[in-house]
Amino acid sequence: MNEIIHRVEPVEKANFFKDLRRLLKGWFSGAYRVVPWRSLLFLAYILSPIDFLPEALLPLIGLADDAAVFALLVRSLMTDVARFREWEKARLHNENLPAKG
């Protein structure tokens, strides 16, 4: 997993949000069938009103755990987008192969 993140070129990082949008569009249309479970779980935690370490009880620690989960979400999304880019490249390569027969 880490090797995918480290292979992401700086130019590709500039297109991260465009690629993420294409990933979501492909996922919702059913063309891209890889479910980004880890990213979905991190996003659910961030959006959930239930918090493991609530800010009301532990203000700084409560915010720190949210920040840590957000950082994990970003890293997970970067991995998901890198995998999606690889899938797209393979798909385009397969479409450009000459037909056998």
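Provided above is the structure to which this section pertains.
A. Quick look at the pattern of salt bridges. Enumeration over the complete set of coordinates arrives at 3 salt bridges. One salt bridge in this structure joins Asp-19 and Arg-22, with 2.7 Å as the shortest N-O distance. A residue pair is termed a helical-turn pair when its members lie 3 or 4 positions apart in one helix, as Asp-19 and Arg-22 do in helix α3 (residues 16-29) at 3 residues. On the basis of relative accessibility, which here comes to 7%, the residue Asp-19 falls in the buried class. The salt bridge involving Arg-85 is made with Asp-19; its shortest N-O contact spans 2.5 Å. Taken together, the residues Arg-85 in helix α5 (residues 59-95) and Asp-19 in helix α3 connect sequence positions 66 residues apart. On the basis of relative accessible area, Arg-85 is assigned to the buried category, the value being 8%. Here the residues in one salt-bridge network are Asp-19, Arg-22, Arg-85 and Glu-88, joined through shared partners.

B. Representation of the packing of α3 against α5 in the model. With their axes 10 Å apart at the nearest point, α3 and α5 run at an angle of 70° to one another. Overall, the two elements α3 and α5 adopt an arrangement that is roughly perpendicular. For the pair formed by α3 and α5, the contact residues are Phe-16, Asp-19, Leu-20, Arg-22 and Leu-23 on the first element and Leu-77, Met-78, Asp-80, Val-81, Phe-84, Arg-85 and Glu-88 on the second. Considering only residue class, the contact of α3 with α5 consists of 7 nonpolar, no polar and 5 charged.

Reading the values: rules and limits
Residues numbered from 1 in each chain as written. Predicted model: local features only at pLDDT ≥ 70, side-chain atom pairs only at ≥ 80, totals over all residues. Heavy atoms only, no water. Salt bridge = Lys/Arg side-chain N within 4 Å of Asp/Glu carboxyl O. Helix = DSSP H or I, 4+ residues; strand = E, 2+ residues; numbered from the N terminus. Buried < 20%, exposed > 50% of the residue type's maximum accessible area, 1.4 Å probe, protein only. Axes fitted to C-alpha atoms, helices over the stretch in contact; angles between N-to-C directions. Parallel < 35°, antiparallel > 145°, perpendicular 65-115°, else oblique. Contact = heavy atoms within 4.5 Å. Nonpolar A, V, L, I, M, F, W, Y, C, P; charged D, E, K, R; others polar.

These results come straight from atomic positions and should not be treated as a statement about function.
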